Amino acid sequence: MATGHNGVVESQVEPTRVVIVDDNPEFLDSARRLLEHQGVRVAGLASTNADGLRCVQELRPDVTLVDVNLGEESGFDLAEALQESDDGGPVPVILISTHAEPDLAEMIETSPAIGFLAKSALSAGAITAAISRLGHNHLK
């Protein structure tokens, strides 16, 4: 990030802060590197629902990326738990998966997630687009 001669950055927007919850350590590492390269700040990584919930409560990211299938656990359950958390308001969740969206459409529709991204389509731009679809509700 570039700073002016006085050290103040006024024209640049703060990077989006994300927590990624996925049970695949290789995916966590590659997603972190990809997103950070694209200007996203990966605030935390987790591999279970309990770790994900704790990580989000401690770090309060702008958005949480949650894998639909967390081994024996369900990312849908974590999305629900994050919405029911009453400390500082809900954090938007974007569900991610190697499965195509049509395969999961009904479950995605009934979840509190703000969107879905195939892991192969994960990018800073896709995250920003999902957040911006929230409109002014996210800013309140």
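Above this text sits the structure in question.
These numbers come from a predicted model, not from an experiment.

A. Layout of the pattern of salt bridges. Counting across every chain of the model gives six salt bridges. Across the salt bridge formed by Asp29 and Arg33, the nearest N and O atoms sit 3.1 Å from each other. Note that Asp29 and Arg33 are positioned in helix α1 (residues 25–37) at a spacing of four residues, about one turn of the helix. Using a relative accessible area of 49% as the deciding quantity, one classes Arg33 as partly exposed. When the shortest N-O distance is used, the salt bridge between Glu36 and Arg32 registers 3.3 Å. One end of the pair, Glu36, and the other, Arg32, are both in helix α1, four residues apart, so they sit about a helical turn from each other. A relative accessible area of 36% means that Glu36 is categorised as partly exposed. Residue classification places Arg32 among the partly exposed residues on the basis of a relative accessible area of 24%. One network of salt bridges, with partners in common, ties together Asp29, Arg32, Arg33 and Glu36.

B. Spatial organisation of the packing of helix α2 (residues 49–59) against helix α3 (residues 75–84). The interhelical angle for the contact between α2 and α3, taken along N-to-C directions, is 30°, at an axis separation of 10 Å. Classified by the angle between their axes, α2 and α3 sit roughly parallel to one another. The two elements α2 and α3 meet at a crossing, and its hand is right-handed. Between α2 and α3, the contacting residues are Asn49, Gly52, Leu53 and Val56 on the first element and Asp77, Leu78, Ala81 and Leu82 on the second. Per-class residue counts for the contact of α2 with α3 are five nonpolar, two polar and one charged.

C. Region of the structure containing the side chain of Asn49. When you line up the elements, Asn49 lands in helix α2. Owing to a relative accessible area of 13%, Asn49 belongs among the buried residues under this scheme. Once residues lying within four places of it in the same chain are set aside, the contact partners of Asn49 are Leu70, Glu73, Ser74, Asp77 and Leu78.

D. Quick peek at the pairing of strand β3 (residues 63–67). β3 sits mainly inside the fold: five of its five residues count as buried. Where burial is concerned, the two faces of β3 agree: the one with Val63, Leu65 and Asp67 and the one with Thr64 and Val66 are both buried. Where β3 and strand β6 (residues 93–97) come together, four bridges link them in parallel fashion. Paired with Val66 across the strands is Leu95, a residue of β6.

E. Region of the structure containing the sheet that holds strand β2 (residues 41–46). The strand order across the open sheet built from five strands is β2-β1-β3-β6-β7, with neighbouring strands paired in parallel fashion. Bordering the open sheet on either side are β2 and β7 (115–118), each of which pairs with just one other strand. With direction set aside, neighbouring strand axes in the sheet form an average angle of 25°. The pairing of strand β1 (residues 17–21) with β3 spans four bridges and is parallel. Along β3, the bridge assignment pairs Val21 with Val66.

F. Representation of the side chain of Asp67. With respect to the helices, strands and loops of the structure, Asp67 is situated in strand β3. Taking relative accessible area as the criterion, Asp67 reaches 4% and is therefore assigned buried. Polar contacts involving the side chain of Asp67 include one to the side chain of Lys119, which spans 3.5 Å. Once residues lying within four places of it in the same chain are set aside, the contact partners of Asp67 are Val21, Asp22, Asp23, Gly75, Ile96, Ser97 and Lys119.

Conventions used here
- Residues numbered from 1 in each chain as written.
- Predicted model: local features only at pLDDT ≥ 70, side-chain atom pairs only at ≥ 80, totals over all residues.
- Heavy atoms only, no water.
- Salt bridge = Lys/Arg side-chain N within 4 Å of Asp/Glu carboxyl O.
- Helix = DSSP H or I, 4+ residues; strand = E, 2+ residues; numbered from the N terminus.
- Buried < 20%, exposed > 50% of the residue type's maximum accessible area, 1.4 Å probe, protein only.
- Axes fitted to C-alpha atoms, helices over the stretch in contact; angles between N-to-C directions.
- Parallel < 35°, antiparallel > 145°, perpendicular 65-115°, else oblique.
- Left-handed = near helix turned anticlockwise from the far one by under 90°.
- Contact = heavy atoms within 4.5 Å.
- Nonpolar A, V, L, I, M, F, W, Y, C, P; charged D, E, K, R; others polar.
- Pairing = 2+ DSSP bridges.
- Polar contact = N/O pair within 3.5 Å; in protein donor to acceptor, adjacent residues only side chain to side chain.

This is a description of form; function is not addressed.
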